[in-house]
Amino acid sequence: MRHVPDGTLRRLVDEPLAVADGAAEHVSRCGRCRRRGELVVRDAAAVAALVSRPQPVPDVDLAWSRLQSQPAASSARTHALRRFHARRSWRLVGVPVPSTAVLAACAVLVAGVTVATVLTTLPGPARVNPVQAVPTDFQAIADAAGLEGSGVIGGFPTPSGSLALPFGALHWSSSGHARSVASIAAANAATGLALRLPGALPAGVGALQQILVQPEVTATVAFDAGAGATLAGTSLVVTAGPAVLVEYGSSLGSLGLPSLAVFAMAKPVASSTSATSARLAAFLLSRPGLPVGLAQEIRLLGDLGTSLPVPATSGADVSQVDIAGSPGILVTEASGAATGVIWEDRAGVIHAALGLLDQEDILNVANQLG
Amino acid sequence: MIQHEPAKSPASPSGFESFFRAHYPGVVRIAHGVVGDSHAAQDVAQDVFIAAQKRFPDPGGSGHAAAWVKVAAVHAGLNAVRGSRRRESRQLRAGATADPAGPEELVLARASRDEVRDALGRLPLRASTVLVLRHSGLSYAEVSEAMGVRIGQVGTMLRRAEAALRKEMERATRP
């Protein structure tokens, strides 16, 4: 049989069942075609990595009404305005994507703070840095830490408890469950934070839905022989919180979803009996199962004592911003439907504002809080 | 005397509306593969369907109209990228500030996205079209139908386009 042409080698990568059996058999026997096939696979994979992106989920109903309202001729100004309004409403109407995005953003924040508390000891982050992460990374982190199925990821299930880890034991304690309070003044009184609510809310954001207060949590990891000789016998104590979460509804009330969430938490403090932060970081980053790329990105940040790593979902657009004189990051979800700002203020309080809003609106909210 | 209009039965989607609903998400996906931004992709898709409405007012199940919007999404997306690159270039010449400096990896990642879009724009139109259509999820049969080529040619065109893009990227990122 003649050598297999390039086009057939390429289709073997994507649609092998559509290619005659003889071609695949030839490639398996012919060294030259196999090598050419490897080049084809390499190029196809490289290009796929370059051009593949998370797929947007457009709102077809809205797009159809937008198309119908398109006049035959219009001035550039009215055209631009219509596009502007259509974009804003798309963010609010395209519920399935943004709601997932906001939940993902909250998960990202919780995971980021968790990573920061575990990896950061002193004197507290001076910079906020994004690292690329995908949802499966969080699962991998939970697996690597032995937390799978424990209910710990996403919040401790009980005010106090303990859990056996592959490399020691985790104990946590707090004064109680998260609870709802009636006003921001009550939240400040309960937490000792000095928070204020945004005075001017962006269009599309509805009434305040709830204010939740999470009491301070102290978690202790006691490392045993499973952590290796250098860490065995040491312990890591992390104190996080108290924290306040404020949720706003949507002005499109029937959606019943929060359109803006504001979160603030006293900077987590970690201390260790003897291990240095570098040694702890090296141990945690070397856990089997931890995504290699994520670990590498965290290592690239350098001194974790001055850098807060915040995972940003893959495909999200991330930029550095300044919130009332403090450095932060602005994360825009890949579809553009949700945005979030995370920063640490001069008093050492970590803030986040997350919403189904565009960048201008979320920055406006953040600056009112900063 | 009050005259009542006869009750109308719920309107079924017009021919074009059905066509729009069936193909809009796919066209957005294809445009997104070129422009890399969901809002810009939806703008491109709107432009494509405005043009399609004039060209095919009642497309029915026309395979030709379906093929046309897919290829038009690639072409319009490439035009949008060229337009935005021209604007960015003008802004830079006018002394506008670039993005604030972030971690080096971020800057590289952002540059890389732009470079991919630029490299796509430098490829021959048929090469960028086959590449975007296939990588936005169309099967070989669908690409063949959209581009009006024999299905046997799709693999060859795709192979050449991928090799060309890879070379373009290597050239662009070479120090």
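Residues numbered from 1 in each chain as written. Chains lettered and ligands numbered in written order. Predicted model: local features only at pLDDT ≥ 70, side-chain atom pairs only at ≥ 80, totals over all residues. Heavy atoms only, no water.

**Quick look at the overall build of chain A**
When you go through chain A residue by residue, the secondary structure sums to 11 helices and 15 strands. Within chain A, the proportion of its 370 residues that are buried is 48%. Looking at chain A alone, contacts between residues at least 24 apart form 63% of all its contacts between residues at least 6 apart. Accessible area of chain A: about 16,600 Å², with a carbon and sulfur share of 59%. (Helix = DSSP H or I, 4+ residues; strand = E, 2+ residues; numbered from the N terminus. Buried < 20%, exposed > 50% of the residue type's maximum accessible area, 1.4 Å probe, protein only. Contact = heavy atoms within 4.5 Å. Areas by Shrake-Rupley, 256 points an atom, 1.4 Å probe, with all protein chains shown as cover.)

**A few points about the overall build of chain B**
The helix and strand tally for chain B stands at 7 helices and 0 strands. A buried classification covers 43% of the 175 residues belonging to chain B. The long-range share in chain B, meaning contacts at least 24 apart out of those at least 6 apart in sequence, stands at 66%.

**Considerations on the environment of B:Phe56**
Residues and elements named next belong to chain B. With respect to the helices, strands and loops of the structure, Phe56 is situated in the loop between helix H2 (38-55) and helix H3 (63-93). Accessibility expressed as a relative area gives 12% for Phe56, which makes it buried. C-alpha of Phe56 to C-alpha of Phe19: the two residues are 37 residues apart in sequence and 10.0 Å apart in space. The residues contacting Phe56, other than those within four sequence positions of it, are Phe16, His64, Ala65 and Trp68.

**Concerning the pattern of salt bridges**
For the coordinates displayed, the defined rule picks out 12 salt bridges over all chains. When the shortest N-O distance is used, the salt bridge between A:Asp6 and A:Arg36 registers 2.9 Å. Pair noted here: A:Asp6 is in helix H1 (residues 6-14) and A:Arg36 is in helix H3 (residues 31-51), with a separation of 30 residues, a long-range link. Residue A:Arg36 is classed as partly exposed on the basis of its relative accessible area of 21%. Through salt bridges with shared partners, one network takes in A:Arg10, A:Asp14, B:Arg134 and B:Glu162. (Salt bridge = Lys/Arg side-chain N within 4 Å of Asp/Glu carboxyl O.)

**Side note on unusual backbone geometry**
Unlike most non-glycine residues, A:Ala324 shows phi in positive territory, near 50 degrees. In this structure, A:Ala324 sits in the loop between strand S12 (317-323) and strand S13 (326-332).

**Here we look at the environment of B:Glu17**
Assignment of secondary structure puts B:Glu17 in helix H1 (residues 15-35). Under the relative-accessibility criterion, B:Glu17 is labelled buried at 15%. In this structure, the C-alpha to C-alpha distance between B:Glu17 and B:Asp58, residues 41 residues apart in sequence, is 9.1 Å. Engagement of the side chain of B:Glu17 in a polar contact is seen with the side chain of A:Trp64, the distance being 3.5 Å. (Polar contact = N/O pair within 3.5 Å; in protein donor to acceptor, adjacent residues only side chain to side chain.)

**Some details on the pairing of strand S3 (residues 168-174) of chain A**
Both faces of the sheet carry side chains from a regular strand, because those side chains alternate between them. Residue and element names in this part refer to chain A. The pairing of strand S2 (residues 161-165) with S3 spans 5 bridges and is classified as antiparallel. Bridge pairing links Gly161 to Trp172 in S3. In textbook terms, the turn of a hairpin is the stretch between consecutive antiparallel strands, and for S2 and S3 this stretch comprises 2 residues. (Pairing = 2+ DSSP bridges.)

**Looking at the confidence of the model for chain B**
All names here are of chain B. Chain-level pLDDT for chain B is 75 on average; 72% of the residues reach the 70-or-more range. In the model, residues 1-11 has pLDDT below 50 throughout and makes 0 contacts with residues more than four positions away in sequence or in other chains. Contacts for the low-pLDDT stretch residues 90-111, under 50 throughout, to residues beyond four places or in other chains number 15 contacts. (pLDDT = per-residue confidence, 0-100.)

**Some details on the nonpolar core**
Counting residues in hydrophobic clusters, the biggest one holds 55 residues, and the most contacted among them are B:Phe20, B:Phe49, B:Leu133 and B:Leu165. When neighbours within four sequence positions are excluded, B:Leu133 is seen to be in contact with B:Ile30, B:Lys70, B:Val71, B:Val74, B:Leu138, B:Val143, B:Ala146 and B:Met147. Judged by nonpolar contacts, the second largest core, of 27 residues, contains A:Val181, A:Val213, A:Val246 and A:Leu357. (Core = buried A, V, L, I, M, F, W, Y, C linked by side-chain atoms within 4.5 Å.)

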